[in-house]
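Structural characterization, general
If you want the building blocks of each chain, they are given just below.
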Amino acid sequence: MQTENDRLDIFHYLIHDIALYKKLHMSNLQPKSRRQRALDVGYGTGIWCYEMAIENPQWDVIGIDLFANQPRRDSEVPNAQFLTPVDFTGPEWPFQRNEFDFIRNACLAGCVPDWQDHWHKNYRYLRPGGSIDYFEVDWALQYAAHSQLPPHAQPAQYLWNAMQQASSRFGKPIAYPDNTRAMMVNAGFTDPIHQVIRIPFQPRPEKREQRLEQWCKEAIYRRRPGVYPNGIETLEGMCMWLLTQQLGFQPNDVRRLCNEAGRGSAAVFSYRKATLSSWNRVFVATKTNAGLSVLTRDMFLII
Ligand SMILES: C[S@@+](CC[C@H](N)C(=O)[O-])C[C@H]1O[C@@H](n2cnc3c(N)ncnc32)[C@H](O)[C@@H]1O
């Protein structure tokens with residue numbers, strides 16, 4: 001559990017500190033004369049709720065999750081509250097309609113059986129004038145501006161295909177849903193903005209990329225001597241249950257696959273100086289009183 005919590009916190013810093021330049025949210029949250037309410041759907045370790053509550057004492061920040069994962073903190077944060085167990089895939093959330101000024105959804109791929117229903121619920125519990133953020137790591141391997149993956153990447157691609165198959169069989173696909181923006185519009189959101197922030201897995205001369213790459217290695221290629229000489233412990237955490245329970249793999253086969261994927265990905269780093277990367281998907285969408293003005297936008301930030 002501690003390893004999984006560490007991984008979640010590492011991703012939190014990767015997304016908010018590095019990819020988003022130390023921003024806790026992408027929605028433009030205007031100050032109001034009343035107290036405002038934020039909801040974090042599937043709060044994980046609760047790190048975002050704590051940071052949001054501390055940075056914004058005028059907000060009440062509520063996290064919901066199936067499990068009470070949040071580690072005890074030294075100091076109480078009175079405006080952060082955690083509700084468990086709450087199943088966010090159930091028909092209703094335990095709140096009033098229009099209750100929240102802001103709803104955050106982060107890294108939920110693999111947890112949601114029906115995304116359209118998920119965005120309908122976000123819309124239902126969001127106050128008119130409020131907005132939502134959605135951050136997702138899109139694990140599909142991306143390589144040098146859409147060119148073909150090199151042969152060294154095949155084990156990682158094989159693993160990714162197996163994870164997609166297993167998670168779909170489980171009923172909660174791990175792949176980022178490509179039709180997210182259309183689903184948000186269909187739920188009633190106005191003008192969803194979609195950004196892609198590329199996370200390279202290879203050192204580059206620019207400082208910022210080096211920091212990104214360092215975080216990525218921490219998060220994905222975490223080493224455990226003896227078990228994972230090529231790193232990749234985190235990958236095991238992501239796929240062991242899925243592959244053994246849904247596809248009948250043996251645990252040792254999963255470890256071997258993770259190691260091969262790690263070794264292959266490491267080889268890709270030095271292959272023709274091209275960069276293997278994942279894409280971070282960032283959405284901001286608002287709920288207005290003005291009905292649907294469907295002015296959708298895509299922005300690709302290749303950093
Ligand atoms: C990958 S973690 C992401 C955590 C957090 N949002 C973050 O970005 O660090 C997914 C979280 O969703 C929670 N979760 C998964 N399915 C859930 C469900 N049906 N209802 C409530 N929480 C759920 C898990 O317990 C876990 O804390």
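Just so it is clear, the structure is predicted and the values come from calculations on it, not from any experiment. Within every chain, residues take consecutive numbers counted from 1 along the sequence as written. The predicted nature of this model means local features are confined to residues of pLDDT at least 70 and side-chain atom pairs, given and counted, to a pLDDT of 80 or more, with totals for whole chains, interfaces and linings taken over all residues.

Moving on: the overall build of the chain. To qualify as a helix, a DSSP run of H or I must reach at least 4 residues; to qualify as a strand, a run of E must reach at least 2; elements of each kind are numbered from the N terminus. Scanning the chain from terminus to terminus reveals eight helices and eight strands. Per-residue burial for the chain yields a buried fraction of 34% across its 303 residues. A fraction of 71% describes how many contacts in the chain between residues 6 or more apart in sequence connect residues 24 or more apart. Burial is judged by counting the other C-beta atoms within 10 Å of a residue's own C-beta: 20 or more makes it buried, 12 or fewer makes it exposed, and any count in between marks it as partly exposed, with every C-beta position built from the backbone. Here contacts are defined at the residue level, using C-beta atoms placed from the backbone and a cut-off of 7 Å between them.

Taken residue by residue, helix α3 (residues 115-125) has His118, Trp119, Lys121, Asn122, Tyr123 and Tyr125 as its buried positions. Buried residues belonging to α3 abut β1 (36-41), β4 (100-106), β5 (126-143) and α5 (180-187).

Throughout this description, a residue near a molecule or strand is one whose C-beta atom, derived from the backbone, lies within 6 Å of it. Every one of the 18 residues lining the ligand counts as a neighbour, but Gly42, Gly44, Ala106, Cys107 and Cys111 are closest to it. Split by residue class, the shell around the ligand holds eleven nonpolar, five polar and two charged. Under this grouping Gly is polar, as are all residues other than the nonpolar Ala, Val, Leu, Ile, Met, Phe, Trp, Tyr, Cys and Pro and the charged Asp, Glu, Lys and Arg.

Attention now goes to the nonpolar core. A set of buried residues qualifies as a nonpolar core if it consists of Ala, Val, Leu, Ile, Met, Phe, Trp, Tyr and Cys joined through C-beta atoms within 7 Å. Cys49, Val61 and Ile103 are the most contacted members of the largest nonpolar core, which totals 41 residues. Considering every element that reaches this core, the biggest residue donor is helix α2 (residues 47-55), with six residues. Apart from residues no more than four positions distant in its own chain, valine 61 is found in contact with Ala38, Asp40, Cys49, Met52, Ala53, Asn79 and Ala80. Ala156, Leu243, Val254 and Ala261 belong to the second largest nonpolar core, which has 14 residues in total.

What follows covers the packing of α3 against α5. Lines fitted to C-alpha atoms define the axes here, with helix axes fitted over just the stretch in contact, and angles between the N-to-C directions of these axes take values from 0 to 180 degrees. Remark: α3 packs on α5, axes separated minimally by 9 Å, with the N-to-C direction vectors making an angle of 45 degrees. When the interaxial angle is binned, α3 and α5 end up oblique. The handedness of the crossing between α3 and α5 comes out as right-handed. On α5, the residues touching Trp115, Gln116, Trp119, His120, Asn122 and Tyr123 of α3 are Thr180, Met183, Met184, Asn186 and Ala187. Grouping the constituent residues of the contact of α3 with α5 by class yields six nonpolar, five polar and no charged. In what follows, roughly perpendicular refers to angles from 65 to 115 degrees, roughly parallel to angles under 35, roughly antiparallel to angles over 145, and oblique to any angle outside these ranges. For any helix crossing, the convention is left-handed if the near helix is rotated counterclockwise from the far helix by under a right angle, and right-handed if that rotation is clockwise.

Before going further, it helps to examine helix α4 (residues 154-170). Here a helix's expected span is defined as the number of its residues, less one, multiplied by 1.5 Å. When the terminal C-alpha atoms of α4 are compared, their 24 Å separation across 17 residues agrees well with the 24 Å that a helix rising 1.5 Å per residue should span. Three or more residues of α4 are buried, namely Pro155, Ala156, Leu159, Met163, Ala166 and Ser167. In an axial view of α4, the angular spread of the buried residues amounts to 100 degrees, which keeps them on one side of the axis. Of the residues trailing α4, glycine 171 is marked for its positive phi of about 95 degrees. The arc in question is formed by the directions pointing from the helix axis toward the C-beta atoms.

Another point: the environment of proline 91. Here proline 91 shows up in the loop between β3 (80-83) and β4. Looking at proline 91, the number of C-beta atoms within 10 Å reads 7, which means it is exposed. As a C-alpha pair, proline 91 and lysine 121 span 30 residues in sequence and 8.4 Å in three-dimensional space.

Per-residue confidence for the chain gives a mean pLDDT of 83, with 76% of residues at or over 70. Below a pLDDT of 50 lies the segment residues 291-303, which in the model reaches 23 contacts outside its immediate sequence neighbourhood of four places, other chains included. Confidence of the prediction at every residue is given by pLDDT, a number between 0 and 100.

Moving on: the pairing of β1. Pairing geometry for β1 and strand β2 (residues 59-64), over six bridges, is parallel. The partner of leucine 39 across the bridge, within β2, is isoleucine 62. Whether two strands pair depends on DSSP finding at least two bridges between them. Of the strand pairs in this sheet, β1 and β4 are connected by four bridges, and their pairing is parallel. Looking at β4, one finds that alanine 38 is bridged to phenylalanine 102.

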